[in-house]
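Each chain, letter by letter, is given below.
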There are 2 protein chains.
Amino acid sequence: MIPRAHEFAGDALLLLDQRRLPAKVTWLRYTTAADVAAAIADLVVRGAPAIGVAAAYGLALAGRSGDREEVRQAADRLVAARPTAINLKWAVKRLLARAGAVSDDQLAATLRQEAEAIHAEDARMCRRIGEHGQQLLGERPRILTYCNAGALATGGIGTALAPVYVAAEAGRQPQVYACETRPVMQGARLTSWELTQAGIPVTLLVDGAAAFLLARGEVDAIFVGADRIAANGDVANKIGTYALACASARHDVPFYVAAPQSTFDPHTPAGADIPIEFRPPEELSDRFAEPVSPTGISCWTPAFDVTPRALVTAYVSDSGVEPGGRGQIT
Amino acid sequence: MIPRAHEFAGDALLLLDQRRLPAKVTWLRYTTAADVAAAIADLVVRGAPAIGVAAAYGLALAGRSGDREEVRQAADRLVAARPTAINLKWAVKRLLARAGAVSDDQLAATLRQEAEAIHAEDARMCRRIGEHGQQLLGERPRILTYCNAGALATGGIGTALAPVYVAAEAGRQPQVYACETRPVMQGARLTSWELTQAGIPVTLLVDGAAAFLLARGEVDAIFVGADRIAANGDVANKIGTYALACASARHDVPFYVAAPQSTFDPHTPAGADIPIEFRPPEELSDRFAEPVSPTGISCWTPAFDVTPRALVTAYVSDSGVEPGGRGQIT
């Protein structure tokens, strides 16, 4: 079974606690928007589409009171939970707009319906990405992926992993190589767990080994997600993505970027205009049982990198497949 | 102060316990060859040249008995400690040959002198690599390195790090970026520690971030070590080296391989002929406080990769600088 990140029960939102995976599979239950906002801030749920869905349900929980002032305060709290997550703001705004168009006694039902609509649309968007993307895969395709752009990051079957799931449903027997994705280990902790749950064969490797795996001819295609795609086609994604793109070009392994249309940002001209978040240096050391570096060592800690359009074979979105800078799709 | 891996005290060999770095700086004291062999097997000391020096001193300890049979047994034990370490076998053979040429009452002194000669030669070899290599560096050079090919891996100032130390002595103020080097973290645990001890500014990064660091123009040269260099110039080194080479070619950052002449193997025609050791999958998970991947997950775990000569700017050895496949040195 492909896992889900959220379950909505009308009076409560259940979130799979992604901080504890794969050690513990724990569902946490939230009955207030404030608690959902705290869960988003604490990374119980992560991945831009998944955060948007969680925030929508959080606002629906606030709407049960029928009190518009309470809904407004809840919206502020939810938006502040992860200030850079674009889907979060978008989902909350959309619910507020709907709320403004209905009477007080319709408030609760309207917000709930709209949250469920956002979740359903996200699931359909994932499926369309999967259907477009699987056309790029042959039989028994061997796919390399990075970080987690799977079901756990969305309200559906993921973005980069959606083509894998659709190919598997069609009996094409995909297998996946998952880079562990230092420092936060989303590939090891989340991608390899969700694929195992879904019954897809998955092999884990350290990030530095991916180039050699390509050199050995073991990979048919690379699928990664995106945090933002600039107007010129440059792709911001988890730090380490660009290293894969460099190696893939050398070995002529297709490099596909899978993302919903909403990730394409016409207001950012090029990759160089995308602000890169730097993370606290503790992230390089804090998961280990014993110190793995000298105390206070200087660290270079970008959260994202930028892959130029020139290294992208194609962009796979819910609207279809668009060629990148590495030439036409055959 | 540049740290040392070994101290010989005549009646004992002291080894810095590299397994515990950087958490604990512990010197372990060995008085028998059997215990030195066990220390080599247990990775108290690692790095081919450093292992050779340790084994030589181990045999010198056995020689104190004046008993040739005991020396022979000690030699067998030492050689078996790490069967693939070429320097180990070479050092032990060299001591045995010297022992064969002297009388019983000269045995102890001869083995000790020969062990000290091996150590001193290794230190000179490192310094020559450093002197040749630093000519490739400008003022305030920013050097990226991988794994640990430093003082801790040799009987001197290292191979890949030797040019850094020589440039620092000359007042050229080098600074180093150290890739953490998953899965065993030699870059984080050893390189960043030894450079800190030596007073060289060092910045740690996850392996996946190196390509983006090059894209940002932050690196003047890459220096890596080598485990074996084939007759055609292909370089086997720690897994992840090849990914750096791919990115360095794209950004025209020089990629230098620093290694003693003994690493050049005329009997291995090409990189494809170098057998690649695969490591136990537990290495991907065993340093962490909590599980970071599902139990029993399939893992791809090569210890080394191969960088073709075409991506090497130059080879820096104790004999000088030889151009690689990326063109002439200017």
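Residues numbered from 1 in each chain as written. Chains lettered and ligands numbered in written order. Predicted model: local features only at pLDDT ≥ 70, side-chain atom pairs only at ≥ 80, totals over all residues. Heavy atoms only, no water.

A word on the confidence of the model for chain A
Then step 1. On average, residues of chain A carry a pLDDT of 95, and 99% of them reach 70 or more.
Then step 2. Interface confidence for the predicted complex, expressed as ipTM, amounts to 0.94; the pTM equals 0.94. (pLDDT = per-residue confidence, 0-100.)

Notes on helix H3 (residues 68–81) of chain B
All names here are of chain B.
Then step 1. End to end, H3 covers 20 Å across 14 residues, agreeing with the expected 20 Å (1.5 Å per residue, within 8%).
Then step 2. For H3, the full list of buried residues reads Val71, Ala74, Ala75, Leu78 and Ala81. Looking straight down H3, one finds that the buried residues subtend no more than 120 degrees of arc, so they occupy a single side.
Then step 3. On its buried face, H3 is in contact with helix H1 (33–41), helix H2 (48–63), helix H4 (86–100) and helix H5 (107–134).
Then step 4. Looking at where H3 begins, the residue whose side-chain oxygen comes 2.8 Å from the main-chain nitrogen of glutamate 69 is aspartate 67. (Helix = DSSP H or I, 4+ residues; strand = E, 2+ residues; numbered from the N terminus. Expected span 1.5 Å × (residues − 1). Buried < 20%, exposed > 50% of the residue type's maximum accessible area, 1.4 Å probe, protein only. Arc of directions from axis to C-beta. Contact = heavy atoms within 4.5 Å. Polar contact = N/O pair within 3.5 Å; in protein donor to acceptor, adjacent residues only side chain to side chain.)

What about the packing of aromatic side chains?
Then step 1. Applying the stated criterion across every chain yields a total of 11 aromatic pairs over all chains.
Then step 2. Seen from their ring centres, A:Phe8 and A:Tyr57 are 4.3 Å apart, and the 15 degrees between their planes marks the pair as stacked. Taken together, the residues span a long stretch of sequence, with A:Phe8 in strand E1 (residues 6–8) and A:Tyr57 in helix H2 (residues 48–63) at a distance of 49 residues. Note on accessibility: A:Phe8 and A:Tyr57 belong to one class, buried.
Then step 3. Ring geometry for B:Phe223 against B:Tyr256: centres 5.0 Å apart, planes inclined by 40 degrees, an arrangement best described as tilted. One end of the pair, B:Phe223, is in strand E7 (residues 221–224); the other, B:Tyr256, is in strand E10 (residues 255–258), with 33 residues separating them in the sequence. You'll find B:Phe223 and B:Tyr256 in the same group, each marked buried. (Phe/Tyr/Trp six-rings, centres within 6.5 Å; stacked < 30°, edge-to-face > 60°.)

Describing the interface of chain A and chain B
Then step 1. Contacts between the two partners involve 53 residues from chain A and, on the opposite side, 53 residues from chain B.
Then step 2. Inspection of the region where chain A meets chain B yields 4 salt bridges.
Then step 3. A salt bridge links B:Glu290 to A:Arg20; the shortest N-O distance between them is 3.2 Å.
Then step 4. At the junction of chain A and chain B, the tally comes to 20 residue pairs in polar contact (both at pLDDT 80 or more).
Then step 5. Those elements that provide at least two residues to the side of chain A that touches chain B are helix H7 (186–197), strand E6 (202–205), helix H8 (210–215), helix H9 (241–251), strand E11 (298–299) and strand E12 (304–307) of chain A.
Then step 6. Here the side of chain A that touches chain B takes 6 residues from H9(A), the largest share from any one element.
Then step 7. Considering only residue class, the side of chain A that touches chain B consists of 36 nonpolar, 8 polar and 9 charged.
Then step 8. Across 2 bridges, E6(A) lies against strand E11 (residues 298–299) of chain B in parallel orientation. (Salt bridge = Lys/Arg side-chain N within 4 Å of Asp/Glu carboxyl O. Nonpolar A, V, L, I, M, F, W, Y, C, P; charged D, E, K, R; others polar. Pairing = 2+ DSSP bridges.)

Looking at the packing of H2(B) against H3(B)
Residue and element names in this part refer to chain B.
Then step 1. Interhelical geometry of H2 versus H3 gives an angle of 155 degrees and a closest axis separation of 9 Å. In this view, H2 runs roughly antiparallel relative to H3, as classed from their interaxial angle. Judged by the twist between their axes, the crossing of H2 over H3 is right-handed. Contacts between H2 and H3 involve Ala55, Gly58, Leu59, Ala62 and Gly63 from the former and Glu70, Val71, Ala74, Ala75 and Leu78 from the latter. (Axes fitted to C-alpha atoms, helices over the stretch in contact; angles between N-to-C directions. Parallel < 35°, antiparallel > 145°, perpendicular 65-115°, else oblique. Left-handed = near helix turned anticlockwise from the far one by under 90°.)

Quick word on the relation of the copies chain A and chain B
Then step 1. Of the transformation placing chain A onto chain B, the axial shift is 0.0 Å and the rotation is 180 degrees, giving an RMSD of 0.0 Å. Taken together, these values place the two copies in the relation of a two-fold axis.
Then step 2. Of all interface residues in chain A, 100% are interface residues in chain B too; the two copies therefore contact each other through one and the same surface. (Least-squares fit on C-alpha atoms with pLDDT ≥ 70 in both.)

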